[in-house]
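Chain by chain, the residues run as shown.
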Amino acid sequence: PTRRSSDLNSLTSSTIPATLPELRERASRGDAAAENAIGLLYAQGDEKQSIKPSESEAARWFIKAAEDGSVSAQYKLGLLYWGGHGVPKDTNKAYFWAVLARAGGQEGSKDLAKVLSNGMTHAQSTAIEQQAEIWYQQHESGGKPKAGR
């Protein structure tokens, strides 16, 4: 069974190793939960592992995790693009990732998607939603993201 990776503190040694080298090893195999955990380490910093907070490095790892199906990372990426933290501000990309996270059951992304779509034309939001559907078809065998990632 997979565990939600929405909070680094909820990770136990039985699910994902806590050290950066161990996480990088898992991430090198496309482990979305490990990629998301690395993003969290860079977003928050970790004095024990001498990791300084870096929005751009966090964004880089959240992008990998989001592309590998992490619903939690998809939501975080929506927030980063919305605010321009670690990535160029881009409302369209923010909405795209928020739509994916919302479809994956991430609760906070529902409000984010609503706020973002309110600033768009119907044609803009519809086009982005269609892009998200295509993304699902290309990335997920069942057409929907895996909620446990």
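Residues numbered from 1 in each chain as written. Predicted model: local features only at pLDDT ≥ 70, side-chain atom pairs only at ≥ 80, totals over all residues. Heavy atoms only, no water.

(A) Seen up close, the pattern of salt bridges. Under the criterion given, the structure shown has four salt bridges. Of the charged contacts, one joins Arg29 and Glu25 as a salt bridge, the two residues approaching to 2.6 Å between their closest N and O atoms. Taking relative accessible area as the criterion, Arg29 reaches 55% and is therefore assigned exposed. With a relative accessible area of 43%, Glu25 lands in the partly exposed category. Linking Arg60 and Glu57 is a salt bridge whose minimum nitrogen-to-oxygen distance equals 2.8 Å. One end of the pair, Arg60, and the other, Glu57, are both in helix H3 (residues 55–67), three residues apart, so they sit about a helical turn from each other. The class for Arg60 is partly exposed, based on a relative accessible area of 37%. (Salt bridge = Lys/Arg side-chain N within 4 Å of Asp/Glu carboxyl O. Buried < 20%, exposed > 50% of the residue type's maximum accessible area, 1.4 Å probe, protein only. Helix = DSSP H or I, 4+ residues; strand = E, 2+ residues; numbered from the N terminus.)

(B) A look at a nonpolar patch on the surface. Side chains of Leu79, Trp82 and Val115 sit close together on the surface and give an oily, nonpolar patch of about 240 Å² of accessible area. With respect to the helices, strands and loops of the structure, Leu79 is situated in helix H4 (residues 71–83). (Patch = residues over 30% accessible without salt bridge, like charges linked within 9 Å, V, L, I, M, F, W, Y side chains within 5 Å. Areas by Shrake-Rupley, 256 points an atom, 1.4 Å probe, with all protein chains shown as cover.)

(C) Structural context of the confidence of the model for the chain. With 83% of its residues at a pLDDT of 70 or more, the chain shows a mean pLDDT of 85. Per-residue pLDDT stays below 50 along residues 1–16; that stretch engages in 31 contacts with residues further than four places along the chain or on separate chains. This model gives residues 142–149 a pLDDT under 50, and the stretch forms 24 contacts once residues within four places in sequence are excluded. (pLDDT = per-residue confidence, 0-100. Contact = heavy atoms within 4.5 Å.)

(D) Main features of the environment of Met120. Of note, Met120 is situated in the loop between helix H6 (107–118) and helix H7 (122–139). As for Met120 and Tyr95, which are separated by 25 residues in sequence, their C-alpha atoms are 9.7 Å apart. In this view, Met120 contacts Thr91, Asn92, Tyr95, Ser125 and Ile128; residues no more than four positions away in its chain are not counted.

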